[in-house]
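Architecture and fold: a report
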Amino acid sequence: MSLALSESPSVAPEDGTPESLRIVPLRRTGQRAAAVVVLVLLGLVLTSVVRNEAFQWGVVADYFATTAVLRGLWLTLWLTAVVMALGFALGTLLAVMRLSANPVLRAVSWGYVWLFRSTPILVQLLFWFNIGALYPQILGVRTVDLMGPATVAVVGLTLHEAAYAAEVVRGGILSVERGQIEAAQSLGLGPWRRLRRIVLPQAMRSIVPPAGNMLIGTLKGTSIVSIIAVNDLLYSVQLVYHRTYQVVPLLLVATLWYVVVTSLLSIGQYYVERYYARGQADAR
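Residues numbered from 1 in each chain as written. Predicted model: local features only at pLDDT ≥ 70, side-chain atom pairs only at ≥ 80, totals over all residues. Heavy atoms only, no water.

Moving on: the side chain of His160. Note that His160 resides in helix H7 (residues 149-174). One polar contact links His160 to Gln124, side chain to side chain, over a distance of 3.4 Å. (Helix = DSSP H or I, 4+ residues; strand = E, 2+ residues; numbered from the N terminus. Polar contact = N/O pair within 3.5 Å; in protein donor to acceptor, adjacent residues only side chain to side chain.)

The next subject is the packing of helix H3 (residues 67-98) against helix H10 (residues 233-244). One can describe the packing of H3 onto H10 by two numbers: an axis separation of 7 Å at closest approach and a directional angle of 155°. Classified by the angle between their axes, H3 and H10 sit roughly antiparallel to one another. For H3 against H10, the interelement crossing comes out right-handed. From H3, Ala68, Val69, Gly72, Leu73 and Thr76 reach across to H10, where they touch Leu233, Ser236 and Val237. A class-by-class count of the residues in the contact of H3 with H10 yields 5 nonpolar, 3 polar and no charged. (Axes fitted to C-alpha atoms, helices over the stretch in contact; angles between N-to-C directions. Parallel < 35°, antiparallel > 145°, perpendicular 65-115°, else oblique. Left-handed = near helix turned anticlockwise from the far one by under 90°. Contact = heavy atoms within 4.5 Å. Nonpolar A, V, L, I, M, F, W, Y, C, P; charged D, E, K, R; others polar.)

Attention now goes to the environment of Ile173. With respect to the element layout, Ile173 can be found in helix H7. Residues Ile173 and Ser206 lie 33 residues apart in sequence; the distance between their C-alpha atoms is 8.4 Å.

A few words on the UniProt feature "transmembrane region" (unreviewed entry) in the protein. According to UniProt, the "transmembrane region" (unreviewed entry) feature falls on residues 33-52, 72-96, 108-129, 214-235 and 247-272. Span residues 72-96 is 100% helix and 0% strand, its end C-alpha atoms 36 Å apart. Counting secondary structure, residues 247-272 comes out at 100% helix and 0% strand; the distance between its end C-alpha atoms is 38 Å. (UniProt positions renumbered as here; feature names shortened; annotations may be inferred.)

Below, the discussion takes up the nonpolar core. By size, the foremost hydrophobic cluster in this structure holds 16 residues, and its most contacted members are Val69, Leu233, Val237, Val253 and Trp257. Looking at this core, the elements with two or more residues in it are H3, H10 and helix H11 (247-276). For this core, the leading source of residues is H11, giving 7 residues. Core analysis: the next-biggest nonpolar cluster, separate from the first, contains 15 residues, Val168, Ile173, Ile207 and Met214 among them. (Core = buried A, V, L, I, M, F, W, Y, C linked by side-chain atoms within 4.5 Å. Buried < 20%, exposed > 50% of the residue type's maximum accessible area, 1.4 Å probe, protein only.)

Dropping the structure here:
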């Protein structure tokens, strides 16, 4: 008589997968508990901010879109656009000089970047604001008449911005493969045409992300010109709260406008980055 041993068949789930192959999801109890704690703390903070009468949200709403504030906001946006345009134009020139085979051009570009990155922007603005003490006249015109507060702000911020823009552009140019430049040379393209038609379009993939961050930083950095009495957004709300003594709500007005504008710029930066990354994404 033979004894037959039989194994009980394993019970398979409804989808037909054997019990031994079922994948059990990892329990993330710690992460979920941390998320709950963070949400609770965030809710407490938001509740405190909204319900705290010391913030005077009614005053914030009253001054948020006043003529003085909007005029200061417009000057801030104008100053940001001018400084970025001039700063990157000068920065591109400095980057090309830094990559030049001419040692004099390389040295001048390096010295410029070294000097302006080594000096605080506040010191630079105060120096240009008092430039009349060194040069009472420029081209036959009194310096105090030629270099008003707004002009000083544009000059000071542009020269400072150009030093950082030069390194951003130089890094973008260096990211372009050497073979692309050699191919352009074999086609007989001149240096400036190679730069404009071949190098810069490909370098934009590396230039756009830091340039977008610089744009947002410049927007917020323009608030420093209030120290030389330029009527930007921050200086405009300062004039109001010096008269009304409502310091906190007026500072909140400036804060909210900075948040709104930087958020819009961040959205624009996202789409510009995606536009220049199209070829790279297709290659992958």
